[in-house]
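Chain and residue survey
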Amino acid sequence: MAPLAGCLQGLSMLRLRKIGKQFENGTTALSEVNLEIAPRAIVSVVGASGSGKSTLLRIISGLEAPTTGELFWHGLPIDGPRRDIGFIFQEPRLMPWLTVTANVRLGLGPIQQGKGRRRLSLLHQKASANSESLAHDLVSEAIRRVGLDRFAYAFPRELSGGMAQRVAIARALVARPSLILLDEPFSALDAVNRLKLQNHLLKLWETDRPTLLIVTHDVEEALVFGDRVIVLNGDPGRIKDDYLIELPRPRNRIGPEFQYWKETILKSLDPSLV
Amino acid sequence: MAGPSAFTKAAADTSSSGISQTLFSVAWARWRSAFLGLLIPTILVAAWEILVRLGQIDGSLFSSPALIVSELSKLIANGALLQHLESTFFRIVAGFAIGVLAATLLGALTGFSKLGRQLLDPLLQSLRSIPSMAWVPLFILWLGINENSKICLIALGVFFPVYLNLMNGVQNVDRKLVEVGLATGFHGVQLMRTIVLPASLPAYLVGLRQGLALGWMFVVAAEIMGASRGLGYLLIDGEATGRPAIMFSAVILFAICGKLTDSVLVGLSERWLRWQDVYKG
């Protein structure tokens with residue numbers, strides 16, 4: 001049995017063990033959260049506001065440390081932000097002084113920012129010229145994939161809300177992370193843009209299938225994306241239910257099965273609702 | 001044949017007068033603000049000149065504008081003015097550079113690092129509450145009446161506004177933007193250079209302008225306390241030799257130099273902050 005257990009453990013890219021988070025003011029945001037996430041899956045986390053779902057994402061991203069428990073990334077403990085974990089925030093969070101291209105380039109991390117800033121030996125210069133052209137290709141590819149080629153040199157103030165969020169998506173995709181964390185990524189958009197961008201993101205996901213962990217308060221959004229939908233219960237945040245959604249993609253938002261799941265999850269969120 | 005050609009000629013006339021009219025209105029819009037800004041000073045200067053000539057104002061206290069202009073042109077002709085300007089500019093440039101350098105390093109440090117702030121800020125804040133002129137005798141004692149003490153005094157004046165604005169600017173950088181940097185692996189100096197400093201640039205530039213204004217204030221103080229050259233010396237010399245026209249010349253030159261150097265910073269700000277999405281009024 002032991003080798004099999006080892007194999008199974010190898011399948012989970014991210015493992016959370018008894019994660020708890022208590023803030024300095026004494027409120028407990030998360031308590032005893034256990035979670036395993038397999039590669040190439042889409043996992044949605046739903047919960048009312050204040051259920052600790054954003055805190056959960058921030059802990060996985062390394063932006064915040066848990067008070068108790070452990071996190072493992074491919075079997076190794078996580079101790080800070082990593083470049084192979086991307087983050088898409090609720091707001092675009094673009095640097096207003098940088099063009100779209102330079103903003104997307106930030107996603108490549110610190111080593112790819114210098115443009116001939118460092119003086120290196122000839123060999124290094126050649127290598128850095130190569131990595132420079134690679135970085136350039138990655139950035140323009142990411143911008144093309146979100147359909148913003150025409151705005152590559154625009155400044156954030158010249159973009160609409162939906163376009164800005166697409167730049168944020170490109171910034172998260174550019175380093176080709178194997179896990180992307182999304183914190184209510186579409187909640188600030190209008191209904192039409194939200195639908196468009198949800199479909200767009202799913203299409204982008206199809207090409208290299210990174211693992212997505214989406215936090216949302218929108219049950220329908222959770223179902224459009226998730227192979228799994230996890231329901232977080234608030235105060236303190238715990239995993240209440242964990243549903244496997246085996247519906248074919250693209251998901252039919254008005255099909256009876258979709259509606260069934262929607263009802264089930266809403267009931268789990270608040271039994272008094274349905 | 002005469003009819004149509006006369007007609008086209010007339011049409012050409014109207015259109016060319018139309019063009020010149022538009023050109024005129026563009027030029028007018030451009031010069032209008034300059035004109036409006038100069039209107040009241042011109043009237044005041046004219047009134048001043050007339051009142052001095054009529055003997056309504058004492059010319060030995062308020063030299064007539066014509067006398068000031070003639071004194072100024074004498075100073076230009078014998079090359080003295082250039083020497084005074086050179087000295088003053090050398091002092092202000094050196095003092096500004098030293099003050100800005102120190103303020104930038106310390107302001108970035110105390111803004112970015114809590115430990116740095118706890119260690120240094122109380123000390124710097126208490127030094128700031130010493131009236132700057134109180135340093136004058138000490139600087140003279142330590143450094144003598146020479147360029148060093150003057151430049152130090154100017155640097156001290158420049159330091160505090162730049163330091164305070166940068167520290168506050170760094171501390172008030174949007175946490176959300178910093179998180180973007182942290183989440184993509186930036187930290188320490190790289191985070192500072194890529195995100196924190198550009199984000200605090202607007203506050204920093206305000207600090208530079210305030211610092212420059214104080215720099216001009218301190219250059220006067222420094223040159224009054226003992227100098228043989230410079231605009232401040234010109235002022236004192238005019239007083240000692242009973243030549244108010246010279247004093248007025250120095251004051252006017254201070255105004256012009258201060259305004260010009262400030263415009264340089266304003267121009268740089270506009271260039272560097274073009275990305276800002278702001279209401280310009």
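Residues numbered from 1 in each chain as written. Chains lettered and ligands numbered in written order. Predicted model: local features only at pLDDT ≥ 70, side-chain atom pairs only at ≥ 80, totals over all residues.

**A word on helix α2 (residues 65-77) of chain B**
All names here are of chain B. Filter applied, for reference: Segments assigned H or I by DSSP are reported as helices when at least four residues long, segments assigned E as strands when at least two residues long, and all are numbered from the N terminus. Given the number of residues in a helix, its expected span is that number minus one, multiplied by 1.5 Å. Counts of 20 or more other C-beta atoms within 10 Å of a residue's own C-beta define buried residues, counts of 12 or fewer define exposed ones, and intermediate counts define partly exposed ones; C-beta atoms are placed from the backbone. Within this analysis, the arc is defined by the directions that extend from the helix axis to the C-beta atoms. Throughout, a residue-residue contact means that the two C-beta atoms, derived from backbone geometry, are no farther apart than 7 Å.
For α2, built from 13 residues, the straight-helix expectation of 18 Å at 1.5 Å per residue is met to within 8% by its first-to-last C-alpha distance of 18 Å. Taken together, the buried positions of α2 are Ile-68, Glu-71 and Leu-75. Projected down its long axis, α2 shows its buried positions confined to an angular sector of 65°, all on one face. Exposed and oriented more than 90 degrees from the buried face of α2 are Ser-73, Ile-76 and Ala-77. Packing partners of the buried residues in α2 comprise α3 (80-112) and α10 (244-272). Of the residues flanking the end of α2, it is Gly-79, one or two places downstream, whose phi is positive at about 80°.

**With respect to the environment of B:Leu138**
Residues and elements named next belong to chain B. Relative to the helices and strands, Leu-138 is located in helix α5 (residues 135-143). Classification of Leu-138 by C-beta neighbours within 10 Å gives partly exposed; the count is 13. A C-alpha to C-alpha distance of 46 Å links Leu-138 and Tyr-279, two positions 141 residues apart in sequence.

**A closer look at the nonpolar core**
Note the following rule: Throughout this description, the term nonpolar core refers to a group of buried Ala, Val, Leu, Ile, Met, Phe, Trp, Tyr and Cys residues whose C-beta atoms join them within 7 Å.
The biggest cluster of nonpolar side chains holds 101 residues, and the ones touching the most others in it are A:Val45, A:Ala170, A:Leu181, A:Leu213, B:Ile154 and B:Leu166. Among the elements that take part in this core, helix α6 (residues 147-171) of chain B stands out by supplying 15 residues, more than any other. Filtering out sequence-adjacent residues up to four positions away, A:Leu213 remains in contact with A:Ile37, A:Val43, A:Val45, A:Leu57, A:Ile60, A:Leu179, A:Leu181 and A:Leu182. Among the nonpolar cores identified, the runner-up in size contains nine residues, and B:Ile68, B:Leu234, B:Ile246 and B:Ala250 belong to it.

**Some points on the domain arrangement of chain B**
Many descriptions give the size of an interface as the accessible area lost when the pieces come together. To keep things clear, this is the line we draw: The source of the domain bounds is an automatic or database domain assignment.
If you check the domain split of chain B, you get domain 1 (1-57) and domain 2 (65-272). Each of domain 1 of chain B and domain 2 of chain B has a C-alpha centre, and these two points are 40 Å apart.

**Structural notes on the sheet that holds strand β1 (residues 14-22) of chain A**
Strands in a sheet are paired, the pairing made by backbone hydrogen bonds, and the direction either parallel or antiparallel. Residues and elements named next belong to chain A. Put simply, the rule is: Two strands form a pair only when DSSP identifies at least two bridges running between them.
The strand order across the open sheet built from four strands is β2-β1-β4-β5, with neighbouring strands paired in antiparallel fashion. Of all strands in the sheet, those bounded by a partner on one side alone are β2 (28-37) and β5 (76-77). The pairing of β1 with strand β4 (residues 68-73) spans five bridges and is classified as antiparallel. Note that in β4 the partner of Leu-14 across the bridge is Trp-73.

**Let's talk about the sheet that holds strand β9 (residues 228-233) of chain A**
Residue and element names in this part refer to chain A. To be explicit about the condition: To get an axis, fit a line to the C-alpha atoms, keeping to the stretch in contact for a helix; angles then go from 0 to 180 degrees between the N-to-C directions.
One open sheet accounts for six strands, arranged β6-β7-β8-β3-β9-β10; its pairing is mixed. Edge positions in the sheet fall to β6 (85-88) and β10 (238-244), since each has one partner strand and no second. Across this sheet, the average inter-strand angle for adjacent strands is 20°, counted without regard to direction. Here β9 pairs with β10 via six bridges, running antiparallel. Note that in β10 the partner of Leu-232 across the bridge is Ile-239.

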